[in-house]
Amino acid sequence: MDFKENVILLNHPLLQHKITILRDKSTGTNDFRRIVKEIAVLEGYEALRHLKTELVEVNTPIEKTMQPTISGKKLCFVPILRAGLGMVEGLLELVPSAKVGHIGLYRDEVTHIPHEYYCKLPDNLDQREVYVLDPMLATGGSAVDAVALLKKKGAKTIRFICIIAAPEGIKRFIDEYPDIPLYVGALDRCLNENAYICPGLGDAGDRIFGTVKN
Ligand code: PRP
Ligand code: URA
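Described below are features of the structure shown in this document. (Residues numbered from 1 in each chain as written. Chains lettered and ligands numbered in written order. Predicted model: local features only at pLDDT ≥ 70, side-chain atom pairs only at ≥ 80, totals over all residues. Heavy atoms only, no water.)

1. Topic: a positive patch on the surface
Inclusion rule: Only residues above 30% relative accessible area that lack a salt bridge enter a patch, with like-charged residues linked at up to 9 Å and the nonpolar side chains Val, Leu, Ile, Met, Phe, Trp and Tyr linked at up to 5 Å. Here the open area of atoms and residues is found with the Shrake-Rupley method and a 1.4 Å probe, where only the protein chains shown may cover a residue. We count a salt bridge whenever a side-chain nitrogen from Lys or Arg sits within 4 Å of a carboxyl oxygen from Asp or Glu. Here Asp and Glu are counted as negative and Lys and Arg as positive; His is not counted, and neither are the chain ends. In plain terms, the charge of a residue is placed at NZ if it is Lys, CZ if Arg, CG if Asp and CD if Glu. The numbering of helices and of strands both runs from the N terminus, where a helix is a DSSP run of H or I of at least 4 residues and a strand a run of E of at least 2. Categorising residues by exposure relies on relative accessible area from a 1.4 Å probe, with only protein chains included: less than 20% of the type maximum marks a residue as buried, more than 50% marks it as exposed, and the intermediate range marks it as partly exposed.
Where like charges cluster on the molecular surface, the positive patch consists of Lys 52, Lys 73, Lys 151 and Lys 156. When you line up the elements, Lys 156 lands in the loop between helix 4 (141-152) and strand 10 (157-165). Residue classification places Lys 156 among the exposed positions, given a relative accessible area of 64%.

So this is what it looks like as structure tokens:
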């Protein structure tokens, strides 16, 4: 696949190792949830690499010095319900002061078209850097709709973080939003006839919340 510059494939060995554990159908809910959070920390570390800093004065035990602290726009994390919820805690570990919005979307099982059922976002979205979180980018429909909603609500600076993406979803996303950085933990082969990612990890929401037998 020919990547555009805005697709950042994060192929760190630690990430690959943890994603392999998620893929294993014998990984139970408890471990699955914990590892999704750990992956979110690792991906967040990369996705926050561009944050601006400014120098502030600090007194060390030795001397007075000017040193960097994070500055610039306030951050907002927006998980797509349900599965994106599994990533929020990981991002909040990195930036505890960030605001959190929620977008609820579910895919119709037959058409695979996403339907919105919930939206609650912080004020002044235009003044925030928004990070959309969803482990799975399959057809890309949910990601595209979530970003459209955020733009409609005023968000100007948006980044998208997923764990596993299908080529179909990446194409749909970058065709629609060529300027929005898309962070991907692993690029998989294709979608199957039910629009599930192959090899993938199954239904991320069900596996995080234990709503079906693994
Ligand atoms: C999953 C996943 C994404 C979406 C991806 O959610 O978490 O939001 O599917 O598929 P797409 O790229 O084809 O839109 P789902 O709709 O199953 O809801 P859930 O998280 O509540 O299980
Ligand atoms: N949503 C999931 O949770 N898994 C997939 O493989 C596709 C969509």
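2. Quick word on a nonpolar patch on the surface
There is a patch of nonpolar side chains on the surface, built from Tyr 106, Tyr 117 and Tyr 118 and spanning about 340 Å² of accessible area. Along the polypeptide, Tyr 117 turns up in strand 7 (residues 114-120). Residue class for Tyr 117 comes out partly exposed when judged on its relative accessible area of 44%.

3. Describing the site of ligand 1
Note the cut-off: For this purpose, a residue is taken to be near a molecule or strand whenever a single non-hydrogen atom of the residue falls within 4 Å of it. Polar contact is the term for a pair of N or O atoms within 3.5 Å; when the atoms are in protein, one must be able to donate a hydrogen and the other to accept it, and sequence-neighboring residues count only if both atoms are side-chain atoms. In this analysis the probe radius is 1.4 Å and the grid spacing 1 Å, with only protein atoms considered; a cavity is a set of points the probe fits into but cannot get out of, a pocket is an open set with protein on both sides within 12 Å along at least five of seven lines, and lining residues have an atom within 4 Å of a point. Being in a pocket or cavity means that more than half of the molecule's atoms lie within 2 Å of its grid points. Here the term charged refers only to Asp, Glu, Lys and Arg, the term nonpolar to Ala, Val, Leu, Ile, Met, Phe, Trp, Tyr, Cys and Pro, and the term polar to all other amino acids, Gly among them.
Near ligand 1, the surroundings consist of 16 residues, among which Arg 107, Asp 134, Thr 139, Gly 140 and Ser 142 are the closest. A distance of 2.5 Å separates an oxygen atom of ligand 1 from a polar side-chain atom of Asp 134. Taken by itself ligand 1 offers 500 Å² of open surface, and the protein chains cover 91% of this. Structurally, ligand 1 is housed in the largest pocket. Every element with two or more residues in the shell around ligand 1 is listed here: strand 6 (102-107), strand 9 (136-137) and helix 4. Looking at which element gives the most residues to the shell around ligand 1, the answer is strand 6, with 3 residues. Taken together, the residues of the shell around ligand 1 sort by class into 7 nonpolar, 5 polar and 4 charged.

4. Re helix 3 (residues 85-94)
For the record, the criterion: Contact between two residues is taken to exist if any of their heavy atoms lie within 4.5 Å; hydrogens are not considered.
Among all positions of helix 3, only Gly 86, Met 87, Val 88, Gly 90 and Leu 91 are buried. Buried-residue contacts for helix 3 involve helix 2 (29-47), strand 4 (74-81), strand 5 (99-100), strand 8 (128-133), strand 10 and helix 6 (204-209).

5. Let's talk about helix 2
Formally: Any helix carries an expected span of 1.5 Å times its number of residues minus one.
In this model helix 2 runs 26 Å from its N-terminal to its C-terminal C-alpha over 19 residues, within 8% of the 27 Å that 1.5 Å per residue would give. Those residues of helix 2 lying buried are Phe 32, Ile 35, Val 36, Ile 39, Ala 40, Glu 43, Gly 44 and Ala 47. Tucked inside the fold, the buried residues of helix 2 contact helix 1 (13-23), helix 3, strand 8, strand 10, strand 11 (182-187) and helix 6.

Coordinates in, geometry out; function isn't part of it.
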